[in-house]
Every structure is written in C-alpha cells, then in structure tokens.
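Letter by letter, the chains look like this.
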Amino acid sequence: MVGAMTGFHKNIIIGPYELDGNVFLAPCSGVTDLPFRKIVKKMGASLVVSEMIASQAMIRDSKRTMKMVEKCPEEHPATVQLAGCDPDVMAEAAKLNEDMGADIIDINMGCPAKKVVNGYAGSALMKDLELARRIIEATVKAVNLPVTLKMRTGWDDTSRNAPELAKIAQDCGIQLLVVHGRTRCQLYNGKSDWSFIRQVKEAVNIPVIANGDIVCEDTALQALKESGADGVMVGRGSYGRPWFLKHLQEFFKNGQKCQAPEIAVQKELLLEHFADIIEHHGEVVGIKMARKHVSWYSRGLKGSNDFRVKINQSKSSTDVHQLINNFYETVLEEHSRE
Ligand SMILES: Cc1cc2nc3c(=O)[nH]c(=O)nc-3n(C[C@H](O)[C@H](O)[C@H](O)COP(=O)(O)O)c2cc1C
C-alpha cells in the first residue's frame, strides 16, 4: 500500500494556523473534556475541539461552563465550540472565549438533542437559514479569530440543505466546515452519507471535513474518497483509543496500518488519562467521569466485564488506580503465557 495514498494527507490551514495533518477529534459532550483532548492531541491529532458550550451559560459565567472552557497547553490551537440561537449572545460568548485564550471558535449547527433544538440552536438552525446567517455574521464579527462551523446534511431527508448553508457560511467568513453525514432526524441511526458531503465540498472553496462512522483506516479512506473532503473528524471511534487519530494520520501519509499499542503501553496511557481526569474534575466527579473511559480502554480484554463492575463500585481514586494496575497486570501475565 505504501505510496498509494498520495493526496489523502494534507496540512489543513485555518486562519493563521497550519495544522499538522487533517485528522480532527470531534466534539462530544461528556467525553471530549480537557483530559481526553489532552491525551488525543498529545498522541497526534491535528485538531481537538471542546465539548459544546451553551452561549447563554457562557455569558452567565456559570461555574460548570468555565470548567468546560479550560484549556491545556497541548491543545493549541484551542478550539471552543459554541451553541446558541441569539446572535448577540453568540457574539458575546465568542468574544469572552477570545479573551480567555481560545484560538478558534466553532459554531454548532449539528446538535440534534431535544433540549438544544427546542431552543432553536444546534441543528434546528438548518431549518432557519436566515437566523443561521445572522448568528454566523455576529460571531465572525465579534472576534479576531478564525471561526469554523459544524453541521449535519440537513434537518430531514426532504431538506438536505447543507450545501446552501455552507455557501452562506463561506460568504459570512467561516474558514472551515465539518459535515456529519446524517440529517437531524436520523439522530445517530442509519449511516453517515459521505457521498452527500461531496455536494458541500463542491459548493465552497474553504476546507471541508467529513464526519460520521469513521472507525478504522478503511472507513476513513472511504469517507475521503466518497466525499472528496479535505480531512476527517472522528468521535466515537476514538473512545478508549486515544492513539487512533495518529494512526489514521500515519495511514493517510504512508498507507501503513499501525498496530494498537502494546497492552503495557495502553495501561500507562489509561493511568495517565485517569490521573488527568481526577486532577481536572476532582475526586468525586472525576471517578464518575472516568468510568466510561476505563470501560472503553478495557473493552475486549479478558475479564473486562468483572473489571468494569468493580470500577463502577469504587469510591476512591486510589482504589480505581489499584484496580487498573491489577487488571492490566493479569492481562499481561496471561499474554506472556500464551
Ligand atoms: C456522546 C456524544 C456527544 C456529542 N456531543 C457533541 C457536541 O458537543 N458538539 C457537536 O458538534 N457534536 C457532538 N456530537 C456529535 C459528534 O461530534 C459527531 O458528529 C458524531 O458522533 C458523528 O461522528 P462519529 O461517528 O465519529 O462519532 C456528539 C456525539 C456523541 C455520541
């Protein structure tokens, strides 16, 4: 395969930033918090994006929101994703984030969640392109930062207007688009329609990133081929595999598929990730936040079901740390006997 990949790797440019490659981590509320972004970026993602931040909560200065916009040095250019339906509030929230050290602002026009679309934010904006335009204009004008936008293909099958929104976005100064190849009404059902993303790519001159259902090298390649997009964004495929984006990047560069790291290395990565979770969220919240990650890292390893039960019952970070150590030591011993 070496040499056959020409054209799939490229360094994406967003405003003043030339990224190292074209593989992005998707914003995922409740998952892509600072510790996760840090480990994925450290391992080799081109760009990581914060969880969706409600613009109203941002300007109210809510404690939880302030925690969500904290950044680490590793993640620069730090991208903060904002959601909202009021142009003035979005503009104010974007400016606040600029003042707090964001390097790029991303606008969410893809979230399908009821509590978001009922407030006419997220993917509901794809039903009201005039409001979408006003939000984009206000946000772009409010900051001296590049602004990007993430959308779905449309609201439903009868209104797949992503190419139209893309043109509006480009005209208003948006510098990069991400398209998740599903409609809002699909939620997460069916398949991401990568070939539809090609219509967005052909409608604009700014970089377009394809998203949805990219879980291995082959799906990443297929997504690029079908969409003609400039890069890929990966969400669920990165869970428990912070090395996966780096592997995709290597594959785009040289056609080589990388092996998952040795179990001993996976253990060290999980322990490092866990320590960061506790440091960032504190003991009580951190233990709860860590559960899903621990479960994802250990998925498929022998004894992982029992391990998960024990982790979910643990009440202290020392216990969780010890359980991780013991579990991986047992797995390693078994591997050495095989
Ligand atoms: C748990 C979860 C939380 C998500 N939160 C966000 C979010 O905050 N902002 C956003 O734009 N998309 C969000 N998404 C959508 C993802 O960014 C992505 O578009 C979608 O999962 C499809 O990509 P994937 O198949 O690689 O996961 C979320 C998805 C999941 C599963």
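Keep in mind that this is a model prediction, so the values were computed, not measured.

A. Structural detail: the overall build of the chain. For the chain, the helix and strand inventory stands at 14 helices and 10 strands. Here the C-alpha radius of gyration of the chain, 20 Å, is about what a compact globule of 338 residues would show, namely 20 Å. Along the three orthogonal principal directions, the C-alpha set of the chain runs to about 60 × 50 × 35 Å. Burial analysis of the chain (338 residues in total) assigns 57% to the buried set. Contacts in the chain between residues at least 24 apart in sequence constitute 68% of all its contacts with a sequence separation of at least 6. For the chain, the accessible area works out to roughly 14,600 Å², and carbon and sulfur atoms hold 49% of it.

B. The arrangement of the domain arrangement of the chain in detail. Here the domain parsing of the chain yields domain 1 (13-254) and domain 2 (263-337). A C-alpha centroid distance of 30 Å is found between domain 1 and domain 2. Taken together, the contact pairs 16 residues of domain 1 with 14 residues of domain 2. Buried surface at the junction of domain 1 and domain 2, summed over both partners, amounts to about 1,400 Å²; 64% is from carbon and sulfur atoms. Three residues stand out in domain 1 for area buried against domain 2, namely Pro35, Ile39 and Tyr239, and they jointly supply 31% of the buried area on that side. The interface formed by domain 1 and domain 2 holds 2 salt bridges in total. Close ionic contact of Lys42 with Glu272 constitutes a salt bridge, the shortest N to O distance being 2.5 Å. Counting across the interface, domain 1 meets domain 2 through 6 residue pairs in polar contact (both at pLDDT 80 or more).

C. Up close: the environment of Lys267. Structurally, the position occupied by Lys267 is in helix α11 (residues 263-281). Between the alpha carbons of Lys267 and Glu279 there is a distance of 18 Å; along the sequence they are 12 residues apart. Filtering out sequence-adjacent residues up to four positions away, Lys267 remains in contact with Asn325, Tyr328 and Glu329.

D. Local environment of the nonpolar core. Formed by 102 residues in total, the largest nonpolar core has its most connected members in Leu149, Leu177 and Ile324. Considering every element that reaches this core, the biggest residue donor is α11, with 7 residues. Of the domains in this structure, domain 1 (13-254) and domain 2 (263-337) are the two that each give at least three residues to this core. With residues near it in sequence (within four places) discarded, Leu149 still touches Asp106, Ile107, Met109, Ile136, Leu165, Ala169, Ile174, Leu176, Leu177 and Val178. Judged by nonpolar contacts, the second largest core, of 5 residues, contains Met52, Cys111, Val116 and Ala121.

E. Structural context of the site of the ligand. Taken together, 17 residues form the shell around the ligand, and within it Pro27, Gln81, Asn211, Asp213 and Arg236 come nearest. Within the contact set of the ligand, an oxygen atom lies 3.3 Å away from a side-chain nitrogen or oxygen of Asn108. Gly235 has a polar backbone atom sitting 2.8 Å from an oxygen atom of the ligand. Burial of the ligand by the surrounding chains reaches 87%, relative to a free accessible area of 610 Å².

F. The packing of helix α9 (residues 217-227) against helix α10 (residues 244-254), seen in detail. Look at α9 against α10: their axes get within 10 Å of each other, and the N-to-C directions meet at 60°. In this view, α9 runs oblique relative to α10, as classed from their interaxial angle. Every pair of crossing elements has a handedness; the one defined by α9 and α10 is right-handed. When α9 is examined against α10, the residues Glu217, Ala220, Leu221 and Leu224 are found in contact with a partner set consisting of His247, Leu248, Phe251 and Phe252. Here the contact of α9 with α10 is composed, by residue class, of 6 nonpolar, 1 polar and 1 charged.

G. Quick look at the side chain of Thr148. Considering the arrangement of structural elements, one finds Thr148 in strand β7 (residues 147-151). Reaching out from Thr148, the side chain makes a polar contact with the side chain of Asp106 at a distance of 2.7 Å. Not counting the four nearest positions on each side in its chain, Thr148 is found in contact with Ile14, Ile104, Ile105, Asp106, Ile107, Ile174 and Leu176.

H. Expanded view of the packing of aromatic side chains. Summed over the entire model, instances satisfying the criterion amount to 4 aromatic pairs. An angle of 35° between the planes, with centres 4.2 Å apart, marks the rings of Tyr239 and Trp296 as tilted. Here Tyr239 is found in the loop between β10 (231-234) and α10, whereas its partner Trp296 is found in helix α12 (residues 283-298), with 57 residues between them in sequence. The class of Trp296 is buried, set by a relative accessible area of 17%. On the numbers, 4.1 Å between centres and 5° between planes, the contact of Phe307 with Phe327 is stacked. Here Phe307 is found in helix α13 (residues 304-313), whereas its partner Phe327 is found in helix α14 (residues 317-337), with 20 residues between them in sequence. Among the aromatic residues, those joined into a ring-pair cluster are Phe307, Phe327 and Tyr328. If you follow Lys127 out to its NZ or CZ, it ends over the ring of Trp155, 4.0 Å from the centre.

I. Layout of the environment of Cys172. Within the secondary structure, Cys172 is located in the loop between α7 (162-171) and β8 (176-180). Each C-alpha atom of the pair Cys172 and Arg133 lies 7.4 Å from the other, and the pair is 39 residues apart in sequence.

Rules used throughout
- Residues numbered from 1 in each chain as written.
- Predicted model: local features only at pLDDT ≥ 70, side-chain atom pairs only at ≥ 80, totals over all residues.
- Heavy atoms only, no water.
- Helix = DSSP H or I, 4+ residues; strand = E, 2+ residues; numbered from the N terminus.
- Rg over C-alpha atoms; globule rule 2.2 N^0.38 Å.
- Buried < 20%, exposed > 50% of the residue type's maximum accessible area, 1.4 Å probe, protein only.
- Contact = heavy atoms within 4.5 Å.
- Areas by Shrake-Rupley, 256 points an atom, 1.4 Å probe, with all protein chains shown as cover.
- Domains from an automatic or database assignment.
- Buried area = accessible area lost by both parts, 1.4 Å probe.
- Salt bridge = Lys/Arg side-chain N within 4 Å of Asp/Glu carboxyl O.
- Polar contact = N/O pair within 3.5 Å; in protein donor to acceptor, adjacent residues only side chain to side chain.
- Core = buried A, V, L, I, M, F, W, Y, C linked by side-chain atoms within 4.5 Å.
- Near = heavy atom within 4 Å.
- Axes fitted to C-alpha atoms, helices over the stretch in contact; angles between N-to-C directions.
- Parallel < 35°, antiparallel > 145°, perpendicular 65-115°, else oblique.
- Left-handed = near helix turned anticlockwise from the far one by under 90°.
- Nonpolar A, V, L, I, M, F, W, Y, C, P; charged D, E, K, R; others polar.
- Phe/Tyr/Trp six-rings, centres within 6.5 Å; stacked < 30°, edge-to-face > 60°.
- Lys NZ or Arg CZ within 6 Å of the ring centre and 35° of its normal.

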